Amino acid sequence: MNDPLWHVRLSDGHPRYQQVSLRRRPGYPNHEVVIVDAQKLIQYSAQDFRAGYVIGPVGTWDPRKRQGLFEFLAPPGPRERHVEMPIVSFNEVTVYERESYLWLFSHIRSRQVQYVGYTNGRHRARYLADAGARDIPVMCHKDEVHVLRAHCTSAGMA
């Protein structure tokens, strides 16, 4: 099967390979590919308020996890397929927080939080960003493409 590939350039200092080729995940006809700015993607991913969903910098990972992603993203052998790109959603939620003042008094304050959530590929995206990728192709539901582009595409691609 010859899937179209999107190529992600890594830093020249990345060991063994400086490019990763990603393909669409089959079976998602209502999703489109969007090229996003890697740092903006990570910035919005870090806003996810759900405990355990935010992925820290690759340097903080267990060495086995880091090596596993390095090997997973390596160019495929003759009988292997290219890795699938991350699947993301752009979300906005209202968060309510209790704000105290004068020790005894408090009030509830609400704020809007915008974040990128992942169906699949959050480690992949973080590794690519830390490996020097400037832009990363991701799949997003067609109803959210416009808002993802508005917040996460690089200045040259907007």
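Residues numbered from 1 in each chain as written. Predicted model: local features only at pLDDT ≥ 70, side-chain atom pairs only at ≥ 80, totals over all residues. Heavy atoms only, no water.

Engineer: How should the sheet that holds strand β5 (residues 87-101) be read in this particular structure?
Structural biologist: Note on sheets: strands pair through backbone hydrogen bonds, and any given pair is parallel or antiparallel. Pairing in this open sheet of four strands is mixed, and the strands run β3-β7-β5-β6 from one edge to the other. Of all the strands in the sheet, just β3 (31-37) and β6 (105-120) have a single pairing partner and so form its edges. The sheet shows a mean angle of 45 degrees between the axes of neighbouring strands, direction not considered. Contacts from helix α1 (residues 38-45) reach β3, β5, β6 and β7 (135-141), with the element oriented near 135 degrees to β6. Running at roughly 5 degrees to β3, helix α4 (residues 145-152) makes contact with β3, β5, β6 and β7 of the sheet. (Pairing = 2+ DSSP bridges. Helix = DSSP H or I, 4+ residues; strand = E, 2+ residues; numbered from the N terminus. Axes fitted to C-alpha atoms, helices over the stretch in contact; angles between N-to-C directions. Contact = heavy atoms within 4.5 Å.)

Engineer: For this particular structure, what's the right way to read the nonpolar core?
Structural biologist: For soluble globular proteins, nonpolar side chains are generally found buried alongside one another. Counting 39 residues, the largest nonpolar core has V116, Y127 and L148 as its most contacted members. The residues touching L148, leaving out its near neighbours within four places in the chain, are V34, V36, V88, F90, V116, V138, C140 and T153. (Core = buried A, V, L, I, M, F, W, Y, C linked by side-chain atoms within 4.5 Å. Buried < 20%, exposed > 50% of the residue type's maximum accessible area, 1.4 Å probe, protein only.)

Engineer: Explain helix α2 (residues 63-73) here, please?
Structural biologist: Helical geometry note: an α-helix holds 3.6 residues per turn, so side chains three or four residues apart project in the same direction. Every buried residue belonging to α2 is among L69, F70 and L73, and all of these are buried. Down the axis of α2, the buried side of the element spans an arc of 105 degrees, and every buried residue falls inside it. Facing away from the buried side of α2 by over 90 degrees, the exposed positions are P63 and R64. Buried residues belonging to α2 abut β2 (19-23), β4 (83-84) and α3 (122-130). The opening residue of α2, the one whose side-chain oxygen lies 2.8 Å from the backbone nitrogen of R64, is D62. (Arc of directions from axis to C-beta. Polar contact = N/O pair within 3.5 Å; in protein donor to acceptor, adjacent residues only side chain to side chain.)

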